[in-house]
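# Structure assessment
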Amino acid sequence: MKCFGEHWGLEFSREEIDQARAADGLLSLELELSRRCNLRCVYCYAASGIARPDELSLQTILGVVDQAVDLGARKIIVLGGGEPLLYPDLFTVIDHILKAGADADLFTNGMLITPEIAKKLYQRKVAVVVKMNSRDPEIQDFLAGHDGAFAAINRGIEHLVAAGYPSEGHSLGIETVVCQQNYAELPDIWRWARKRGIIPYVEMMTMQGRATEHPELEVDAAGVKDLFERLAAIDAAEFGNTWTPHPPLAASQCARHEYSCTVTSTGEVQPCPGVNVVAGNVRDNRLVDILRQSKEIQDLRNIRRNIKGKCGECEFGEYCYGCRGHAYQVTGDYLAADPLCWLETGK
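These lines cover the structure that appears in this document, whether it is placed above or below.

Reading the values: the criteria
Residues numbered from 1 in each chain as written. Predicted model: local features only at pLDDT ≥ 70, side-chain atom pairs only at ≥ 80, totals over all residues. Heavy atoms only, no water. Helix = DSSP H or I, 4+ residues; strand = E, 2+ residues; numbered from the N terminus. Buried < 20%, exposed > 50% of the residue type's maximum accessible area, 1.4 Å probe, protein only. Pairing = 2+ DSSP bridges. Right-handed = clockwise from strand over helix to strand, strands pointing away. Contact = heavy atoms within 4.5 Å. Axes fitted to C-alpha atoms, helices over the stretch in contact; angles between N-to-C directions.

Turning to unusual backbone geometry, a few remarks are in order. Omega for the peptide link from Y165 to P166 comes to -20°, which places this bond in the cis form. In this structure, P166 sits in the loop between α6 (149–163) and β5 (172–177). Residue P247 is joined to P248 through a cis peptide bond whose omega torsion reads 5°. Mapped onto the secondary structure, P248 falls in the loop between α8 (221–239) and β7 (262–263). The backbone phi angle of A251 is positive, close to 65°, even though this residue is not glycine.

Attention shifts here to the pairing of strand β1 (residues 28–31). Neither face of β1 is open: one carries S28 and E30, the other L29 and L31, and all of them are buried. In this sheet, strand β2 (residues 75–78) lies alongside β1 in parallel orientation, the contact comprising four bridges. If you follow S28 over to β2, its bridge partner there is K75. Each parallel crossover has a hand, and the one from β1 via helix α2 (residues 58–70) to β2 is right-handed. As defined by bridge partners, β1 adjoins β7 across two bridges and the pair is classed as parallel. Each bridged residue has a counterpart across the sheet, and for L31 the counterpart in β7 is V263.

Taken together, the nine strands give an open sheet; going across it, the order is β6-β5-β4-β3-β2-β1-β7-β8-β9, and neighbouring strands pair in mixed fashion. Each edge of the open sheet carries a strand with a single partner, namely β6 (199–203) and β9 (280–281). Along the sheet face, helix α3 (residues 90–99) touches β1, β2 and β3 (103–108) and points at about 150° away from the line of β3.

Listed below in structure tokens is the structure:
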């Protein structure tokens, strides 16, 4: 694996992305089910915990899935918004996604995964990503805002492994947010995941939601640069993977704004969870019309020609555009240069 090859770090080919963008279509959709959550993660972008009183009905959610697939979506990423395994009709939604002809990805904190749930996910070939931020019980529990989170998360992972994850057609990943509390152990977490065939998604944190109440979490550009460079060195020396470190993800890149969007638990359509501007609501308009008519969606669909500042002049601009969420949360402009990008800041 080599960084900045033709399709490196992308879920879809450049040709597929260009076609979807030109047709105002989708290749994937990020779908929140509810803001209800059993954790109170101190960095949570959505400040989740309690279900909102005006959340979408099951039938509306299924209709959104159908609209997304009609627009070309090949993957529906179930975010929950809160914890999707608390949503009583989760497997109804997953089965509908699969019946519609798309793949299903599930982002979960893993605490509620039982042997039975792990088996049901495995049988459906659902790609699972567990939110795991530390191998230290005290740090994990602090970041999750819940005593006992470390033990429960690891039990969930053990149940997934016992069911057959990870294996061909059954992807398992961990999502890890870079913060001061787990910073020192992230190289060891990377090794822990790679040795087990688990995909490590190590990403920069956006200062929104609950994270704004905890400025002590944030790692500056120099710190993220050093971390990503160390992870790249580990990947090259120990696992045969070579890539160029750059924000916002280690060993990957974000191009979601060119072919995806987020539908929140209340029906709001956003470019992504980080760029939490409302482009429309599926209760009021069809998804296709929102994508075509929203200035924000169209600006970001054409991000590579619209991006401002040093990001617009960057030699890696054909492949990378930094984190739009971080740019938006820091500057208020989703087209601004990513303030944490070291490739152009020189930090």
